[in-house]
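# Inside the fold
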Amino acid sequence: MRATLRLGGHGDNGVSTGQGTLGRGCVNGVPGTGGNRGRPCGGTVPPPIPVPAAWQRPYLNIFKHFRVEEWKRSAREGDVAALTDARLKGTVYRIRGSIPASNYLQLPRTGTQSLGLAGRYLYLLFRPMPRKHFVVHLDVATQENQVVRISFSTLFKEFKSTATWLQFPFLCGAAEGSLGDGAARRDLMGAAPADVRWTCLVLDLPSILSLYLSRRYSHLKSVKLCSNLLVKNLCTSDLVFDPGVTFSEARRADLACRGVAPMPREMAFPVPRGQKWHDLYDYIRFPSEGSKLSYDSIQKICPGPAAGGQVSKDPQPVTLTKAVRDRLSLIHQITSPKAMPRRRPVITRSIPEVHLTAPGSPAAVPSGDQELEKTQRPHSAGDIGQSAAVGDGGIHVYAHQRSERTIRATHTGSEERLLPDPILKLRMIIGFGGCSTKWALWTRNNAAVVYPCHAVIVTLQIQTGEQRFFIGHTDKVSALAFNGNSTLLASAQAGPLSVVRLWDFPTGTCLSVFKTHVCSLLSLSFSYSGAVLCGVGKDGHGKTLVVVWNAAQVTRGGEVAVLAKAHTDVDIQALKIAFFDDTRMVSCGRDNIRLWRVRSGALRSCPINLGEYHSLEFTDLAFEEGHAAEREPEDRMLFVCSKSGHVLEVDYKNVCVRTVRRLLPAESRGCQRQDKAGPGIAINSISFSSTFCATGSEDGYLRLWPLDFSAVVLEAEHEAPVSSVCISPDSRKVLCTTAAGNVGYLDIQSQGYNTLMRSHEDSVLAFSVEGIWKQMATVSQDNTIRVWDLASMQQLYDFTAADEMPCAVAFHPTQRVLACGFDSGMVRTFSLAASNLLVEHKQHRTVITGLTFSPDGNFMFSCCLQGTLALYSCMAQKSHVLRVLGNVVARDAGSGPDALVVSGDSRLLAFVGPSKYVVTVMEACSLDELLRVDISILDLNSTALDSAVRVCFASAPRGELLVSTSSNKILVLDAKTGRLVREVSPVHKLSCSSLALSKDGRYLLTAGDKVIKVWDYRMRFAVNFQVYIGHSEPVRQVAFTPDQRHVISVGDAIFLWDFLALPAERSPRAEAPSSESALLPGAGQRRSGFSCVGRSWRNDLGEGSSEKLKDASETPRQTVPLPLLSSPPCLDVSSVHQAGCQSIFSESDKEEEAGLPGSSRMVANGDKDASVRVVESVRSEELLVVRPKVGRESSRSPGESANAAGPELFPGTASHRDCFLLSVAEPRKETKSPKSQCSVRPDSYRHFTPRFKASVLPQNLLSPPAGSEVLKLKGVIGYNGNGRGNMVWNPDTGFFAYTCGCVIVVEDLHSGSQNHWLGHTEEISTLALSHDAQVLASASGRRSGDSHCQIRIWNVQDGVCTASLFHHETQVQAMAFSRDDRFLVTLGDYSDQTIALWNTYTYKLISSTCISEPVHDVAFSPFSHRDLACVGKGAMMFWLLEQQGADVNLKVHRVPAPDVLGPVELTSLCYGDDGLLYSGTNSGQICVWDTETNCCFMTWEADEGEIGVLVCGRDRLVSGSNTKRIRLWAVAAVQELRLKGADARSSSVLLEHEITLDGTIVSAAFDDSLEMGIVGTTAGTLWYINWTESTSIRLISGHKNKVTEVCFSPDETHCATCGEDGSVRIWSLGSMELVVQFQVLNQSCQCLAWKPHPVVAWGAESQHVVAGYSDGTIRIFSISRTEMELKMHPHAVALTAIAYSTDGEMILSGGKDGLVVVSSPRTGMTIHILAEHKGSPITVLQCTRKQYWDFGVEGGELWLATSSDRRVSVWASDWLKDKCELLDWLSFPAPAGPEGLGSLPPSLAAFCPWEPGTLVYVGFGMQKEALFYSLRKKQVVEKISLPYFATSLSLSPAAHFMAVGFSEQLLRLLRCPSSEAQDYAGHDDTVHLCRFAPSGRRLLTASHSAVLLWELTAS
């Protein structure tokens, strides 16, 4: 049997999808019988009794086959009765009662029997009883010999899962056409409705087990139907029965070849003539087939044949009933997780969606042959908790949602789980006993011994030491027994619910597991044949209970049955079955020896008359071995031993004591009569062979005696009492166990003793492993310290502290020294080489809670329960104390091996303290505090305070600190800044007791809940962890061995696991990193960023990620991966770092930079959390940290160092190092060098990443001739906060420009008028303005089909593009003009990594240089056109341009950032006065550089986050960061510091002003004196800043996220927009300024409408807008009063469309579930609910006027509703008369599947203003066209061809114009009916909205967050 027991899955309450190959552990008891809190358990079961195939083919009627009506093979309890149902015309069984557990029908009759039904599908024909709850339990067996219970009930509120139990909520639907109570229908959770229908429920059992538990289905074991329900029948089959198909239809459609058959007549519901089955009954199949949802669902099956008897081969839409609609409205209430604002789950993993091949598909394969392919699919944030567009009319019930993963059951080789699987294999367990130390058995071949180790049974080969494991018990094993030939092994489990497992010993398979009804089973005995098993224990009242079981059939698949049982008042210490008779047993105990016999089903006993020995305490017994032929089998001697040394020889046949002997100690050894003086040997165990006897006694001796006990033949002394002895079958060895946990055997021939196992006597508290001598040290509650050899796992040393308990242990990393901490507070170090005590430290007075060495071996650290922390120097072998700090470690955090952790570079020490809510990081060598992180406030949404439990450092390049918390999370913090990088939750059910990271940083170990989890540290997969069980007690510590080949876990015992994943350094897939790295050509060959084949490069920016680069050795990817640049950027930097950013920052390739002096690795860093306090440690370094003074009041905290206020000058000793020369012989010629092709985004928000979009450019464009344009771009609403440096302003000329999408907006700040420069087709990343403000340079990404991105050069005077430059391959990060405007420098992003120099006279490329590292910003010196600088990863690069004729030389000097800053990114720079250069870092410091010596001489901490913008003017400096703050600094003293050197310590930098804005600062422009300027933020806002007046005024604003709707006011003076950010904004069309904004938090505004026809002019209270939100609410806002007037909640799901009636007296709203609701804006009441579009989201609602009797129906209003399933309904309404009549129903055809489309285009319709009675439709169809449909003629009257499928549509109310938007970034204006077309550019994404104004003179379009206003110049 394989050793490890693996539980794979998403989480402890999640669902397993791992393909585990091993068995699972029993959770709480016996299958179907309960356990803790009544849970069933997945114990092992015997294989089903072989059933002839004919029994179950083609189907098996279960009720008929098992004759339920006779109640012989089935059981009933409570109110169960057979009735005749008039409607079904047959017998049904009614099960009712208030308690389901007491009223049920069960098949088979007893839990020990099995149905053995192997059919794939289980059909249950039932009807829930109205207004009642019901429960159904199914016990199914797996091929892994596990029992899994599948339950579904109306009582369950949500999906739950364990390894052996699946609970599904069941929702009952109402009959069709039944409206019922509206309030009740909004909450269908719970009891069935009054009009619930008969249902045919089809359960695909193999798919359920495969999907949810990764198990293979074997057979159905039992069914339990609990009240309250009516049941017609049960059936199993391998066929799919369609109840809506008749036999004739099935024959015509040849459904048999597709595995589909009509329902058998005896199983069918009656259908009256002329009616359809699906109109009368419900058909539910689970898991549903063909669903496109991202969640598990119970789906109503399609109704089958269409009219005319033709059975369609494709799924047909279902007309949704009221019941179905009600079920859809409850999706979020059932299982959607609670919203977690500001945080996205990292390890979000869900129950996947199932896509099983349709029954009729030729690719259909049996479930057992299907493999699970896990693929990612993109989701936007708005999709979380929402279903996809439902086009199949399904009933969808979410089981559980944790993420956006999809599983497809198709053949594939791709893997989306942690590999290898399993990743751990149990190699060895050091331990013995647990419940008792007296159980150890020989195997029949004398080669191995079997013994329990807590919850695991171990088979140990005595020659090789190899171990084999039997895993399945969940509590300690209390007894073992073999049958005569060692083929059957019985094991009993201790605890209140004791179970017995029977194992097939050769294979390790568990044959049976059954409940004993004994609270604590103490002894087991097998008969020689294995047919009878006997056990002794205590019942619930403490009385002794003897039970005898019949196990004769267990090896043939049968069950174990109770033969007899009896209670007794006597004590029983041992009981054995006579080997000559299976019905006879013997027992002994205190004061008694009894003989037992089973006869006629009863167990009876008789005592043996003991006479004067009746008061002895008998401990063990054994039968005489060997037998003479002339004697009867029962004519045998029985030997019974006692605590007093007496051995009684009992005549079994005559039931009397024949002889009594008393064994005495050595000084009077021999057989003496009982009257001899002196104490006897207290015998604990006795064993007999045919030639000698063995005894084990309390004095620690194993003694061998002749059969007459005349003298001791051989003895072996032990340190502890011998608890059991067992002679081997060949009589050559004697197995011996001791109370101290040792197992050994005595070899009689050699007279040698061999110890097989030594173990701790109590729980192991901690361990430490050292890698040089391969040794491990452990400490235990048994007061011992033990050292083990890792290779052999043999004990080497044993230190015992009599009066003290060791609590912590640590190996010195380089010396053979062991340190140990004790509960007395003592810390002792031992020399293992000399085996002596080195030194004792008495710095602590209480229990030592933490003890560790630094990895370099220089220091040791200890802490105690009082919070004291001590630092020791270990330079010499005898350590000495350096520093002791009091009250710094948390007192209430508890002890543990991970209390103190040191980083891999030995620089940092981390621990929990001074309180349990705080984690502190100190400098290891000095204990100077560097960082404090308050864990309790990191989760802003938690109602309870979270506390830290354990800490762990990641590998040095990552620079991360892991913290496990009391809320079952692991927080990954930046070890330098304390910023929360990501979190993993939940990790365990209970808090994590230990965590450890592998040396290569790829795997994380956690321990908790008695289990071990192995995680992929980078969280790349759908299943990021594997779970391993085996421990019966909490795991105290888990860790990797230094070579990462093994994992060790300790608790109840010591477990050694083989770690099957190869470490990175010896993995065949990983290349060795290059030993040198070059910044530029000539400085060494730097390897490509893609050369690390063994790593999975992951793009995880937001929810949109859909592709990943797989490891090269894994299965080839199915699709071409999208480039990293297409992913959405992560700009929203908050206190909790977005999950989307963490992988980009933490998964960079390992880079060796030994060739770069002073270089440092990149670490995850960015903004700090408000809960983090950073204390800089000032030591004797080159650099002194300057802390600026804050104007008017000091910012220095009392605890800060006093000398931290002065600057220190940097010596210019390194002014000429790292100097390289690059020469370009000819202009325009590039310097070709190997670029790194870095695909990991740097840890800097300053670095630009384009917004993700799926749109592409059009193939052709029908641009109108010059002068004939109908549309003119009038205005743009919005500023692109995703750009970097994409706003310019020249205070001298007043030129002001910014970007919005691909448009450059040039605005007059005085008048507000706009000019728009069009030409870019992609998002503009950055702008640069020449110093004379005559030339503007703009850069955007490359277009589809282009190989390079575009840089456009504009003439500012006339807005004409004078040049287009193409050089950079991906994005342009920054641009700058030289001081004399002769040169333009452009900088590529992290994937391009080139710096290009252009001649601005000719705009030809002068030079291009590849850089090995990403660079963030570039600037020319204001004093010389030859000098420029750029900043990047940990260094400043100074460039010098030297031109000699046509040759251009570039000299570069790379200077690393000061060491005191650590591994930082230099993110921004600007030149100051007189040779100063300022640079910002991603950790908040500002560095000042001397450009003459090229060295940094000063730095100060300017912010808590990354500084991305710096602007300098005269003696002032402005800094902007991702903390949303801009700060103004007085830096006049900096020049003085530079000149005066170290003498100028009285001056410092002064913070003059600070302003907090609404987002991260991405652009800034100020005047020369820095008194006023303009600043841009990621929130899409441009602010005017006036430092003199300390004011900030919003200049430009826009939506940050996608705009979801736009509309005009009736008078066209204003427009309204709404977005996914939950805001509704009102804009003035005259000034394009924001007038008012209504914000709803934590919701997305999906649609809005302006109330038509105001009674009075603008400003009156009649101006209203109505908006619909994602939570199903409708809000009405008053524009003039700027307040919300009314809130309604008519929908249970998100709204998708909303409109006013033509008179404004009604509101029509459509939801994602397809419901259309008519509400009154005056009362808020719901007037109508229309469900014709149920199941498909509403896309359009539009109202128009009509003549009252027009179209033959009453009403003055005509309105339409369009849904995404290409259906349009047209209605006529008279709202005053409460009339609403369906006028027409349109359904437009479409091809079977969209070819080449990522997603279906929307279905859109609108009334034609110039053709009354006509509507226009666009959408996915047979052709790309617009259809004009006449409501009078009932036909399409006109078609207009379109170039693509439309994404937006609007018709002008005035002229005959139609505006159509496309996903190809194109807007087309069509003149009707001539179809003349004009195409307009200006959008950089899908044109998803276009709306004409009421007058038809204006048009609004929207593309993502940009809103464009167009004017019609001609009509």
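## A few points about the pairing of strand β48 (residues 722–727)
By the criterion of burial, β48 is predominantly enclosed, with 6 of the 6 residues buried. Two strands pair when backbone bridges link them, and β48 and strand β49 (residues 733–738) are joined in this way by 5 bridges, in the antiparallel orientation. Counted as the bridge partner of valine 725 is cysteine 736 from β49. Connecting β48 to the next strand, β49, in antiparallel fashion are 5 residues, including serine 731 with a positive phi near 60°.

## So, the packing of aromatic side chains
Scanning the model with the defined rule gives 55 aromatic pairs in all. Look at tryptophan 1015 and phenylalanine 1025: their rings are 4.6 Å apart centre to centre, the planes differ by 45°, and that puts the pair in the tilted class. Here the residue tryptophan 1015 occupies a position in strand β74 (residues 1011–1016), and phenylalanine 1025 occupies one in strand β75 (residues 1025–1029), the gap between them amounting to 10 residues. Comparing tryptophan 1015 with phenylalanine 1025, the two get one shared label, buried. Seen in terms of ring centroids, tyrosine 1279 and tyrosine 1298 are 6.1 Å apart; in terms of plane orientation they differ by 70°. Their pairing is edge-to-face. Taken together, the positions of tyrosine 1279 in the loop between β85 (1271–1277) and β86 (1287–1289) and tyrosine 1298 in strand β87 (residues 1296–1300) put the pair 19 residues apart, joining distant regions of the chain. Look at tyrosine 1279 and you get buried, because its relative accessible area is 3%. Among the aromatic residues, those joined into a cluster by ring pairs are Trp198, Phe269, Trp277, Tyr281 and Tyr283. Its guanidinium or amino end placed over the ring of tyrosine 104, lysine 224 lies 4.2 Å from that ring's centre, counting from NZ or CZ. The ring of tyrosine 1017 carries the charged tip of arginine 982 above its face, separated from the ring centre by 4.8 Å.

## Notes on the sheet that holds strand β33 (residues 544–550)
Strand order in the open sheet formed by 4 strands is β31-β32-β33-β34, with antiparallel pairing between adjacent strands. Looking along the sheet, the strands with just one partner apiece sit at the ends: β31 (520–526) and β34 (561–568). Within this sheet the neighbouring strands show an average axis-to-axis angle of 20°, counted without direction. Relative to strand β32 (residues 532–538), β31 runs antiparallel, the two sharing 6 bridges. For serine 525, the partnering residue across the bridge sits in β32 and is cysteine 534.

## Some words on the pairing of strand β65 (residues 908–912)
Counting buried positions along β65 yields 5 of 5 residues, so the element is predominantly enclosed. Where burial is concerned, the two faces of β65 agree: the one with Leu908, Ala910 and Val912 and the one with Leu909 and Phe911 are both buried. Here strand β64 (residues 900–902) runs beside β65; their pairing, made up of 3 bridges, is antiparallel. Across the sheet, residue valine 901 finds its bridge partner in β65, namely alanine 910. Following β64, the chain reverses through 5 residues before pairing antiparallel with β65; serine 906 in that reversal takes a positive phi of roughly 65°. Pairing analysis gives 5 bridges linking β65 to strand β66 (residues 918–923), with the strands arranged antiparallel. Across the sheet, residue valine 912 finds its bridge partner in β66, namely valine 919. Between β65 and β66, which pair antiparallel in sequence order, lie 5 residues; one of them, glycine 913, sits at a positive phi of approximately 160°.

The rules we used
- Residues numbered from 1 in each chain as written.
- Predicted model: local features only at pLDDT ≥ 70, side-chain atom pairs only at ≥ 80, totals over all residues.
- Heavy atoms only, no water.
- Buried < 20%, exposed > 50% of the residue type's maximum accessible area, 1.4 Å probe, protein only.
- Helix = DSSP H or I, 4+ residues; strand = E, 2+ residues; numbered from the N terminus.
- Pairing = 2+ DSSP bridges.
- Phe/Tyr/Trp six-rings, centres within 6.5 Å; stacked < 30°, edge-to-face > 60°.
- Lys NZ or Arg CZ within 6 Å of the ring centre and 35° of its normal.
- Axes fitted to C-alpha atoms, helices over the stretch in contact; angles between N-to-C directions.

Don't take any of this as a statement about function, it's just geometry.
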